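Single-letter residue listing:
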Amino acid sequence: MCCVKNKETKISNSFCFQQHSCLITACPHLPAAKNIPPYPGPNRMRDCYCTVNLDQEEVFRTKIVEKSLCPFYGEDFYCEIPRSFRHLSFYIFDRDVFRRDSSIGKVAVKKEDLQKYHGKDTWFQLQPVSADSEVQGKVHLELRLSEVITDSGVINHKLATRVLECQGLPIVNGQCDPYAAVSLLGPSRSDAKKTKVKRKTNNPQFEEVFYFEVTRPLSYTKRQFDVEEEDVDKLTLRVDLWNASNLKFGDEFLGGVRVPLRVLGQAGVHDAWYFLQPRENGGKSVKVEELGSLRLNIVYTEDHVFPSEHYTPLRDLLLHSADVGPVSASTAHILGEVCREKQEAAIPLVRLFLHYGKIVPFISAIAHAEINRTQDPNTIFRGNSLTSKCIDETMKLAGMHYLQVTLKPIIDEICTEHKPCEIDPIKLKESENLDTNRENLRHYVDHIFSVITTSGVRCPTVMCDIFFSLRESAATRFQVDPDVRFTAVSSFIFLRFFAPAILSPNLFHLRPHHPDPATSRTLTLISKTIQTLGSLAKSRSACCFFFFFFDALSLSLIALSFLRFMIKRAQGRNRFGMKNFKKRWFRLTNHEFTYHKTKEGPLCSIPIENILAVERLEEESFRMKNMFQVIQPERALYIQANNCVEARDWIDILTKVSQCNRKRLSTYHPSAYLNGHWLCCKMSADTEPGCTPCTGGLPANIQLDIDGDRETERIYSLFSAYMTKLIKMQEACGSKSVYDGPEQEEYSSFVIDDPQETYKTLKLIVSAVQTLEQQHTKYKRDKFKKTKIGSQ
């Protein structure tokens, strides 16, 4: 199963933000793909993997399933989408013996169609992949029809076609050198003109005008400006975008549009953006049913987030949840009771409480209540309760960097050495020795367990505070069991945090891709052993770990290796110096951030203490996507990541390793300094203080990009979706208040400790949700009235 993250996208209306989040899953019980066409050779099996793309930008890749025509992937991919897009696409690739990838087919779902498949397991027929179908981006055109009087007094009309710019063109073979071909189509017409080629950009600015004569019938003698409809209807403007290629195969088609001249109307002027479309019958004819099919489960949500003051009533109810007695009568706890899955409630709740610095008292309150309801100390937090899901989500957000500095070096070592560790005699290969394998496994387990048990000083403060609260609550509740204060926490730190990261390091950003099958088997054995050791609370190693873990509240960095290939802008400061973009290897450790021409020897080294801020760079600076800036005392280094997800990851990790620097900036320039001034604020001095506040964050060893209003909007959406259950819970409160007898079976699914207090909270929730529903209804009605078809 695979998951992607992405960010909010502003829409033109200043009243709200529009955000999209997407969860894509493959069915856990059936193959993710079936009936893949066999390989044309003696070995008919294929080694297939699947990619997830926003349009044509790859943001996730599954593992390779070897020797199968019905591969099962079983991966979840969650992402918050950081930009606008037209299609969510899935590609099936085959890796052949020469390690070259060939595409088998694809599934492309339009953004507006995602709701059709929301939360449903669906088989999609694979479609053929061809250059003519790989179209994305849009073009801005301006058409103007003007009349010209010749020397003989005859009135002719000319069409002025202005090709202004394009946005979001695809990258072809690592580059994009676009130009536009403009033609006027009609009876006996073949006019064709071309723009200049714009090099190395997928957002070209053309600003070129082409003139075409619109032939009028001889009987046309009207002096006033009036285009005859029957003549205009016969003419169509065609604009095709091409990528200029140096290859012998010719230029690549990027997409085109056809605009009938009847859009000019009586005014004779038309200005609009158009999405590029594929050519008709441009690709090879392939029978779709021969390509196989792909099974997906797509969960897509789109939130309209209002200004902060609209959420004050609901947000206040949520943030005061820890102070409500009993906590089961609080707004946050009620959300967990009415949601179908605790996970969907836990995600926005944790992010909201983290954003406002109230996650520790909230989790402490719900954990204390759950422990008091537990009868057997051996079953503490063993179920999928709201408490366990909230702690899992907190560890995922606050502890990602902790995993990086703790586990990444040893995981890299395991994936590099490829030492056999199989201890099942049935699965043992002929060339392997059981004793040697057992010793290899013991060595890895000892190393990892030692690293974990001495990592307490690096654990984020917020995690330490939560676990300390769990320990104290468990020890108070079960005073006869001296080990319960350890077992209450070991289920989280070992079974739910370290063990899953070892088992699937790619999902925790410890490895860029899935490990090979042999290494994956090794990691599975290590993960199972760590879980077993972690459950032995009476062991000396575990007690040593917890002693350090609970007494250490500060995060200290150890060596971190993070290597990627990206594009950077040269830092030459000479007036006539070269400032072109170059590909470099970038490496991050706990001491420095460096880039290299090869993997050996850095060209430039930036000490971590010299990083004053790490922020996104506006696309308009160099008309390049996925750029960010590493700001130093004297200059900024501009870097382009390979995709939007990788850019976010770099910003996140660089911010975390430099967040304790004493001289971190509070403001920055979101655009570049070019041609003697800052593009954002137009100030001429390159030492001018920033014009925009730096990205804020939390002080407790975590730097998270969280929008509190967006999370409150998500919680409102959940309450709105489960309004029927809210009403039923109100009925349950009334039933428990009136009838002093056994609980009615229809209400037994709700935890209600205090019916009167719970009823009061429910009444406030319903009121706040209904108010927000009215505001959403009004916004959508106004937006529908203002929407103009054909506009950008």
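Just above sits the structure.
Residues numbered from 1 in each chain as written. Predicted model: local features only at pLDDT ≥ 70, side-chain atom pairs only at ≥ 80, totals over all residues. Heavy atoms only, no water.

## Describing the side chain of Arg 714
With respect to the helices, strands and loops of the structure, Arg 714 is situated in helix H14 (residues 708-721). Accessibility expressed as a relative area gives 18% for Arg 714, which makes it buried. Apart from the residues within four sequence positions on either side, Arg 714 is in contact with Thr 301, Asp 303 and Pro 348. (Helix = DSSP H or I, 4+ residues; strand = E, 2+ residues; numbered from the N terminus. Buried < 20%, exposed > 50% of the residue type's maximum accessible area, 1.4 Å probe, protein only. Contact = heavy atoms within 4.5 Å.)

## A closer look at the pairing of strand S15 (residues 236-243)
By the criterion of burial, S15 is predominantly enclosed, with 7 of the 8 residues buried. Sheet topology places strand S12 (residues 178-185) next to S15; 8 bridges connect them, and they run antiparallel. Residue pairing across strands places Ala 180 opposite Leu 241, the latter belonging to S15. For S15 and strand S16 (residues 252-260), the ladder comprises 8 bridges, and the chain directions are antiparallel. Residue pairing for S16: Arg 238 is matched across the bridge by Arg 258. (Pairing = 2+ DSSP bridges.)

## With respect to the packing of aromatic side chains
Summed over all chains, the structure comprises 15 aromatic pairs. When the centroid spacing of 4.3 Å and the interplanar angle of 5° are considered together, the rings of Phe 353 and Phe 362 count as stacked. We note that Phe 353, like Phe 362, is buried. Ring-pair connections join several aromatic residues into one group, and the members of that group are Phe 586, Phe 593, Tyr 595 and Trp 650. Over the aromatic face of Phe 212 sits the side chain of Lys 193, whose NZ or CZ is 5.3 Å from the ring centroid. (Phe/Tyr/Trp six-rings, centres within 6.5 Å; stacked < 30°, edge-to-face > 60°. Lys NZ or Arg CZ within 6 Å of the ring centre and 35° of its normal.)

## Looking at the sheet that holds S15
The 4 strands lie next to each other as S13-S12-S15-S16, forming an open sheet whose pairing is antiparallel. Here the strands that pair on one side only, and so sit at the sheet edges, are strand S13 (191-194) and S16. Taking the axes of each pair of neighbouring strands and ignoring which way they run, one obtains an average angle of 20° across the sheet. (Axes fitted to C-alpha atoms, helices over the stretch in contact; angles between N-to-C directions.)

## What to know about the environment of Gln 127
The residue Gln 127 is located in the loop between strand S9 (120-125) and strand S10 (138-149) in this model. The exposure class of Gln 127 is partly exposed, given its relative accessible area of 35%. Here the alpha-carbon distance between Gln 127 and Ser 293, two residues 166 residues apart in the chain, equals 8.7 Å. Of note is the side chain of Gln 127, whose polar atom sits 3.4 Å from the backbone oxygen of Gln 125. (Polar contact = N/O pair within 3.5 Å; in protein donor to acceptor, adjacent residues only side chain to side chain.)

These values are about where atoms sit, not about what they do.
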